[in-house]
Amino acid sequence: MIYRAGRRYMLRTSIAMRASQFEQLPAPTGRVVFFGDSITEGGLWDEWFPQVRPVNRGIGGNTVDDLRARLDTAIDAPEAIFLLIGTNDLGLGQTPGQVGENLRRLVEEIRERAPHTPLHVQSVMPRRAKFAERIRELNSAAWQIAAEADAWYIDLWPALADSNGALRPEFTRDGLHLSGAGYAAWVEVLRPHVAALSIDH
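For clarity, every value in this text was computed on a predicted model and none was experimentally measured.

Engineer: Looking at this model, I keep getting lost on the overall build of the protein. Mind explaining?
Structural biologist: The number of helices and strands found in the protein is nine helices and five strands. Taken from N to C terminus, the helices and strands of the protein fall in the order α-β-α-α-β-α-β-α-α-β-α-β-α-α. By its C-alpha atoms, the protein is 50 × 40 × 35 Å across when sized along the principal axes. Within the protein, contacts between residues separated by at least 24 positions form 70% of all contacts whose residues are at least 6 apart in sequence. Total accessible area on the protein stands at roughly 10200 Å², and carbon and sulfur atoms take up 53% of it. Treating the 22 positive side-chain charges of the protein as one cloud and the 25 negative ones as another, the clouds have centres 7 Å apart.

Engineer: Whenever I open this one, helix 7 (residues 132-148) confuses me. Can you help?
Structural biologist: One turn of an α-helix holds 3.6 residues; hence residues three or four places apart share an orientation. Over its 17 residues, helix 7 runs 24 Å from end to end, which matches the ideal 24 Å to within 8%, given 1.5 Å per residue. Positive phi appears at Asp-150, one or two residues downstream of helix 7, with a value of about 55°.

Engineer: Would you mind going over the nonpolar core with me for this structure?
Structural biologist: As a rule of thumb, nonpolar side chains are buried together in soluble globular proteins. Within the largest apolar cluster, 31 residues are counted, with the highest numbers of intra-cluster contacts made by Phe-35, Ile-75, Leu-83, Leu-103, Leu-106, Val-107 and Ile-110. Counting residues per element, the ones that place at least two in this core are strand 1 (32-36), helix 4 (64-69), strand 3 (80-84), helix 6 (96-113), strand 4 (119-122) and helix 7. Here this core gets six residues from one element, more than from any other, and that element is helix 7. Setting aside residues up to four positions removed in sequence, Phe-35 forms contacts with Thr-40, Arg-57, Leu-67, Arg-70, Leu-71, Ala-74, Ile-75, Phe-82, Leu-83, Leu-84 and Ile-110. Core analysis: the next-biggest nonpolar cluster, separate from the first, contains 23 residues, Phe-49, Val-52, Leu-160 and Leu-197 among them.

Calculation notes
Residues numbered from 1 in each chain as written. Predicted model: local features only at pLDDT ≥ 70, side-chain atom pairs only at ≥ 80, totals over all residues. Heavy atoms only, no water. Helix = DSSP H or I, 4+ residues; strand = E, 2+ residues; numbered from the N terminus. Contact = heavy atoms within 4.5 Å. Areas by Shrake-Rupley, 256 points an atom, 1.4 Å probe, with all protein chains shown as cover. Lys, Arg positive; Asp, Glu negative; His and termini not counted. Charge placed at Lys NZ, Arg CZ, Asp CG, Glu CD. Expected span 1.5 Å × (residues − 1). Core = buried A, V, L, I, M, F, W, Y, C linked by side-chain atoms within 4.5 Å. Buried < 20%, exposed > 50% of the residue type's maximum accessible area, 1.4 Å probe, protein only.

Here you go:
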């Protein structure tokens with residue numbers, strides 16, 4: 001119990017420290033913003049996609065509401081947005097319907113700030129198989145939300161899920177976060193969307 005409490009304290013401290021850095025920096029104008037939780041935070045986006053000068057606004061442990069609370073430090077006339085969020089909400093016991101409604105509000109608020117920016121709503125990634133049905137339900141809602149917001153919906157499941165709806169074992173060590181091979185597979189799905197931005201320049 002003490003060990004678990006210590007881990008929770010360290011996670012809260014890490015979240016607060018990273019968020020406090022963003023509060024000291026201007027929101028990235030004219031940049032490609034990767035916005036999400038620890039899975040986004042772990043991506044070396046400036047090395048995967050150096051041609052578009054991406055900015056990483058991921059924070060581990062974040063939920064949809066956490067992203068809503070820090071929009072001021074993330075979204076200010078960006079070149080494009082790649083959004084990935086929702087798995088922590090499900091892990092905390094929210095239903096797909098609850099997460100979907102929160103996601104709809106987040107996307108609406110992003111669109112208010114960046115009405116014409118290319119917005120890419122990525123499907124929640126697979127994790128352990130017991131989450132598969134809930135994630136599929138949430139992703140169905142995310143597809144509809146993206147369509148209503150004139151945003152791209154990027155389905156990551158074909159590249160990352162096994163036949164049981166779990167994250168492929170070669171892409172993870174803990175059933176949730178990605179290994180280098182997992183990020184490489186994700187990046188291949190994103191490449192055409194990022195290339196389209198490069199062509200537009």
